[in-house]
Amino acid sequence: MYTAHPDRYADLPYRRSGRSGLKLPALSLGLWHNFGPDRPVETQRAILRRAFDLGITHFDLANNYGPPPGAAESALGEALKADFTPYRDELVISTKAGYLMWPGPYGEWGSRKSVLSSLDQSLTRMGLDHVDIFYSHRFDPETPLEETMGALHSAVQQGKALYVGVSNYSAEQTRDAARILGELGTPLLIHQPRYSLLDRRPEDQGLLDTLDELQVGSIVYSPLEQGLLTGRYLDGIPEDSRAASDSPFLKSDALTEDLVGRLRALNEIAGSRGQSLAQMALAWVLRGGRVTSALVGASSVRQLEDSVGAIRNLEFDADDLARIDAIVKN
């Protein structure tokens, strides 16, 4: 029987999401890649237990996470039943709808039918009566935004979600979503964009400025750029790595000589800060408190613990930031 560590809230900082009352841990656990039947169940359970013991109270999913789609939610459902039933009210569990989940015209995008059917399926897989955050996973250009946001509002009204968010929406789309939800009486809690020191689009395209203005929280995914910023690729492509498998999320041909040189230079800066490259990359997205939380994936407890080590140094001086920018932007 799992018993959570009594000091689990001692070290990890928690940040308020926008103007809401909800606080999220600075690091949250994403179940995108590593929670499916191709991974040992005990490894998955060990990661979840260790995450909670370290103060990571937020587990982030989507309907199609796995592989195969739905597997991550099913795996979490089993873990919740086995280990976390006494701790449900200490957890923030989120899921999403919008990407392809089942065949036919209702298995993806943002129609009311698709969004609410997906949520019902997700709750069944996880064995829950509600999630804490429910997201529209992507903007649907062919469905009125009022319909998609209305579906999120209905999820809250039905007691199936406590809060709602959007992911992969542009700054303008986010502004419109927040306006519609505000008129319905269900505030937009949070946005989940892709953001890392190698991918500055939320800065460059004005999304972070928009979230600041709207007082909406942010939780960023791929802060380690699908493993590029973990240090695994400083000396080539390991045989068991994501790039070696030609994953659609990280192709081997992305590892150019120029990129590897930049990664090595970034690793030198991390070393001067007393951090691993992954720790510095996570600290960078969390710098200044502008981002509410950073999502980390983990294939092992050791990898998770390394990521959590980032919180020991979240401060950057102007020289460090200038050196990083010179490497990334030039």
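See the structure printed just above.
Remember, predicted model here, so these are calculated numbers, not experimental data.

### Points about the overall build of the chain
So, step 1. Helix and strand content of the chain: eleven helices and ten strands.
So, step 2. In terms of overall dimensions, the chain is globule-like: its C-alpha atoms have a radius of gyration of 19 Å, near the 20 Å expected for 330 residues.
So, step 3. For the chain, the C-alpha atoms occupy an extent of roughly 50 × 45 × 40 Å along the three principal directions.
So, step 4. Expressed as a percentage of its 330 residues, the buried residues of the chain come to 55%.
So, step 5. Within the chain, contacts between residues separated by at least 24 positions form 75% of all contacts whose residues are at least 6 apart in sequence.
So, step 6. Of the accessible surface of the chain, which amounts to about 14200 Å², a share of 49% is contributed by carbon and sulfur atoms.
So, step 7. Looking at the chain, you have 34 positive and 44 negative side-chain charges, and the mean spots of the two groups are 2 Å apart.

### Considering the packing of helix 3 (residues 112–126) against helix 4 (residues 145–157)
Two numbers describe a pair of packed helices, the interaxial angle and the distance between the axes.
So, step 1. Where helix 3 contacts helix 4, the axes come no closer than 8 Å and their chain directions differ by 30°. Comparing their axes, helix 4 and helix 3 come out roughly parallel. Handedness of the helix 3/helix 4 crossing: right-handed. Residues Arg112, Val115, Leu116 and Leu119 of helix 3 touch helix 4, and the partners they reach there are Glu147, Gly150, Ala151, Leu152, Ser154 and Ala155.
So, step 2. Of the residues that constitute the contact of helix 3 with helix 4, the class distribution is six nonpolar, two polar and two charged.

### Observations regarding the sheet that holds strand 6 (residues 131–136)
So, step 1. With parallel pairing, the eight strands of this closed barrel are ordered in space as 3-4-5-6-7-8-9-10. Between one strand and the next, the sheet's axes are offset by a mean angle of 30°, whatever the strand orientation.
So, step 2. Bridge count for strand 3 (residues 27–30) against strand 10 (residues 293–296) is three bridges, and the pairing is parallel. The residue bridging leucine 27 from the neighbouring strand is alanine 294, located in strand 10.

### So, the pairing of strand 8 (residues 188–192)
Walk down a regular strand and you will see the side chains alternate between the two sheet faces.
So, step 1. Here strand 8 lies mainly inside the structure; five of its five residues are buried.
So, step 2. Sheet analysis places strand 7 (residues 161–167) next to strand 8, joined by four bridges and oriented parallel. Note that in strand 8 the partner of glycine 165 across the bridge is isoleucine 190.
So, step 3. The β-α-β motif built from strand 7, the intervening helix 5 (residues 171–184) and the parallel element strand 8 has right-handed crossover chirality.

### Here we look at the packing of aromatic side chains
So, step 1. Under the criterion given, the structure shown has ten aromatic pairs.
So, step 2. Seen from their ring centres, phenylalanine 52 and tyrosine 87 are 5.4 Å apart, and the 55° between their planes marks the pair as tilted. In this pair, phenylalanine 52 is assigned in helix 1 (residues 41–53) and tyrosine 87 in the loop between helix 2 (71–84) and strand 5 (92–97), connecting sequence segments 35 residues apart.
So, step 3. With centroids separated by 5.4 Å and ring planes inclined at 45°, the aromatic side chains of tyrosine 195 and tryptophan 284 adopt a geometry described as tilted. Here tryptophan 284 lies in helix 9 (residues 277–286) and tyrosine 195 lies in the loop between strand 8 and helix 6 (201–204), a separation of 89 residues in the sequence. There is no split in this pair, since tyrosine 195 and tryptophan 284 are both buried.

About the thresholds
- Residues numbered from 1 in each chain as written.
- Predicted model: local features only at pLDDT ≥ 70, side-chain atom pairs only at ≥ 80, totals over all residues.
- Heavy atoms only, no water.
- Helix = DSSP H or I, 4+ residues; strand = E, 2+ residues; numbered from the N terminus.
- Rg over C-alpha atoms; globule rule 2.2 N^0.38 Å.
- Buried < 20%, exposed > 50% of the residue type's maximum accessible area, 1.4 Å probe, protein only.
- Contact = heavy atoms within 4.5 Å.
- Areas by Shrake-Rupley, 256 points an atom, 1.4 Å probe, with all protein chains shown as cover.
- Lys, Arg positive; Asp, Glu negative; His and termini not counted.
- Charge placed at Lys NZ, Arg CZ, Asp CG, Glu CD.
- Axes fitted to C-alpha atoms, helices over the stretch in contact; angles between N-to-C directions.
- Parallel < 35°, antiparallel > 145°, perpendicular 65-115°, else oblique.
- Left-handed = near helix turned anticlockwise from the far one by under 90°.
- Nonpolar A, V, L, I, M, F, W, Y, C, P; charged D, E, K, R; others polar.
- Pairing = 2+ DSSP bridges.
- Right-handed = clockwise from strand over helix to strand, strands pointing away.
- Phe/Tyr/Trp six-rings, centres within 6.5 Å; stacked < 30°, edge-to-face > 60°.

So far we have only geometry, and geometry alone does not tell us how the molecule works.
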